[in-house]
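Structural features, examined
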Amino acid sequence: MTYTSLSDYCKDTFGEKLYKLSLDSGCTCPNRDGLLDTRGCLFCSAGGYGDFAERDVDRAKARVADKYSGERYIAYFQSYSGTYPGRDGSFENLRERYLATIRRPDVAVLSIATRPDCLGPEVLELLKELRAVKPVWIELGLQTSNEETAEYIRRCYKNEVYEEAVRTLKAMDIPVVTHLILGLPGETAEDMEASLRYACDCGTWGLKLQLLHVLEGTDLGEQYKAQELGTPLPGARPVKPLTLEEYTALLCRLLPQVPEDVVIHRLTGDGPKRILLAPLWSGNKKLVLNTIQKALREL
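Overview of the structure. (Residues numbered from 1 in each chain as written. Predicted model: local features only at pLDDT ≥ 70, side-chain atom pairs only at ≥ 80, totals over all residues. Heavy atoms only, no water.)

The sheet built from 7 strands is open, its strands ordered β1-β2-β3-β4-β5-β6-β8 with parallel pairing. Bordering the open sheet on either side are β1 (19-23) and β8 (263-266), each of which pairs with just one other strand. Across the sheet, the mean angle from the axis of one strand to that of its neighbour is 25 degrees, orientation sign disregarded. Across 3 bridges, the pairing between strand β6 (residues 206-211) and β8 is parallel. Its bridge partner lying in β8, G206 is registered against V263. Sheet strands touched by helix α4 (residues 121-131): β3 (107-114) and β4 (136-143). Its angle to β4, the strand with the most contacts, is close to 135 degrees. (Pairing = 2+ DSSP bridges. Helix = DSSP H or I, 4+ residues; strand = E, 2+ residues; numbered from the N terminus. Axes fitted to C-alpha atoms, helices over the stretch in contact; angles between N-to-C directions. Contact = heavy atoms within 4.5 Å.)

This part is about the packing of helix α3 (residues 91-102) against α4. It is at 11 Å that the axes of α3 and α4 come closest, and there the two elements cross at 15 degrees. When the axes of α3 and α4 are compared, the pair comes out roughly parallel. Classified by chirality, the crossing of α4 by α3 is right-handed. Here F91, R95, Y98, L99 and I102 of α3 lie close against α4, whose contacting residues are E122, V123, L126, E129 and L130. (Parallel < 35°, antiparallel > 145°, perpendicular 65-115°, else oblique. Left-handed = near helix turned anticlockwise from the far one by under 90°.)

The next point concerns the nonpolar core. Counting 73 residues, the largest nonpolar core has L127, L130, L140, L169, L207 and Y247 as the members making the most contacts within it. Of the residues forming this core, the biggest block, 6 residues, is contributed by helix α9 (residues 244-254). If near-sequence neighbours (up to four positions away) are discounted, L140 is found in contact with T114, R115, P116, L119, Y162, A165, V166, L169, V176, V177, T178 and H179. Residues I181, L212, Y224 and A278 belong to the second largest nonpolar core, which totals 14 residues. (Core = buried A, V, L, I, M, F, W, Y, C linked by side-chain atoms within 4.5 Å. Buried < 20%, exposed > 50% of the residue type's maximum accessible area, 1.4 Å probe, protein only.)

What follows concerns the side chain of K20. Secondary-structure assignment places K20 in strand β1. K20 sits in the buried class, given a relative accessible area of 19%. Among the polar contacts made by the side chain of K20, one reaches the side chain of E139 at a distance of 2.8 Å. Excluding anything up to four places from it in sequence, K20 contacts L6, I74, Y76, S111, E139, K208 and H265. (Polar contact = N/O pair within 3.5 Å; in protein donor to acceptor, adjacent residues only side chain to side chain.)

According to the stated counting rule, one finds 24 salt bridges in the structure shown. Notably, a salt bridge pairs D117 with R115, separated by 2.9 Å at the nearest N-O pair. D117 gets classed as partly exposed once you look at its relative accessible area, which sits at 30%. In the salt-bridge network here, residues are joined through shared partners; they are D58, K61, R104 and D106. (Salt bridge = Lys/Arg side-chain N within 4 Å of Asp/Glu carboxyl O.)

Turning to the pairing of β4, a few remarks are in order. Of all 8 residues in β4, 8 are buried; the element is thus mostly enclosed. Residue alternation in β4 divides its side chains into two sets, V136, I138, L140 and L142 and W137, E139, G141 and Q143, and both sets are buried. Of the pairings in the sheet, the one linking β3 to β4 comprises 5 bridges and is parallel in character. In the strand pairing of β4, I112 is matched with I138. The parallel pair β3 and β4 is bridged by α4, and the resulting crossover is right-handed. (Right-handed = clockwise from strand over helix to strand, strands pointing away.)

What follows is the structure, given as structure tokens:
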């Protein structure tokens, strides 16, 4: 089957492939600093899913120099909630960082990962200011549309908050990329299918499909280790890491349902190998991508 990949979109829109630079905005998360919770989401590592992020654009470029020889990049502020200042203090510091980044000639797009409940009036004004310079994408961590699972993973917001965020950003001509995690504890293939349909029906422009990684240092990791020892923690759902065959079959089921105008930004993701507990096959990126692409070609 065919689908619109991020690479294809960039070639059509910008005339070239663009490589993403993983950057750290210096933000924190209301799910960690005590506003909503202090533990973070069940699956989230200490790095806030920015384990490969750099604080400096040039350092990030050096990190990928052996993979990409182009001249322009997507500056992707990945870690924690990129519209929720915390570790560096003021909102003005964040504004200056984003403006300095988007004004660089080697940056074609500014992409910010955040939560839909971190888009207050001040943030929206900043996004409008940035959007006037160059394209801005906002990546929202929905993970699932199943409200019971969302509560279990400590997402700490309701679906209606995501819906409002998508409506608001679309009205500002700012594309939304929605993150979905496949394989969350207790979820069925039907649950994951429903989450994908929900995100598309809400009007997401892009999708990031992420295999659930069980990482050391997370509450999910503690649940998994206790389960493997035969002493499951009270109230914990069984953690059943997907096999490569199961994950591939799941993608083959989901992708044909994605509208043609929705851009697929990611088919899976990398968990840091030094803290990856399961599934260990996901550490072989070449094998994973080759297996997935072969299966999709055969659809």
